[in-house]
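# Overview (structure and organization)
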Amino acid sequence: MYDALENRRRFWALNVTDDFNRECLTALVDTCTGGARGSPELDRIAESRGYPCIAVSENDTELTLIGMLKW
């Protein structure tokens, strides 16, 4: 998801949620993020909880970058 500050500078948030128990696993917020920045965060979560069988994402262009596709 993304939004803009009062000065019109955009920021982006990667929210990772466990749909089964509706737990928010992480929320990565920055002014310039993308797949390459989100992949290490997903690896950190996977180390403690295991890799998911299924990953669901919106069809936003941020999550179709090479970094996310490699993950």
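Structure shown above.
In every chain, residue numbers begin from 1 and rise along the written sequence. Given that the model is predicted, a residue must reach a pLDDT of at least 70 before its local features are reported, and side-chain atom pairs must reach 80 or more before they are shown or counted; all residues, however, enter totals for whole chains, interfaces and linings. Excluding hydrogens and water, the side-chain figures rest on all heavy atoms present in the structure.

Side-chain pairing between opposite charges can occur once the charged atoms of the two side chains come close. A pair is scored as a salt bridge if a Lys or Arg side-chain nitrogen falls within 4 Å of a carboxyl oxygen belonging to Asp or Glu. In the structure shown here, the tally under the stated rule is three salt bridges. Across the pair R49 and D18 runs a salt bridge whose closest N-O atoms are separated by 3.1 Å. One end of the pair, R49, is in helix α1 (residues 35-49); the other, D18, is in strand β2 (residues 10-18), with 31 residues separating them in the sequence. Among the salt bridges present, the one from R44 reaches E41, with a minimum N-O distance of 2.8 Å. You can see R44 and its partner E41 sitting in helix α1, three residues apart, about one turn around the helix. Given a relative accessible area of 44%, R44 falls into the partly exposed group. Relative accessibility under 20% of the residue-type maximum defines a buried residue, over 50% an exposed one, and the middle range a partly exposed one, all with a 1.4 Å probe and only protein chains included. We classify E41 as buried; its relative accessible area is 18%. Through salt bridges with shared partners, one network takes in D18, E23 and R49. Working definition: helices are DSSP H or I runs of at least four residues, strands are E runs of at least two. Numbering for both runs from the N terminus.

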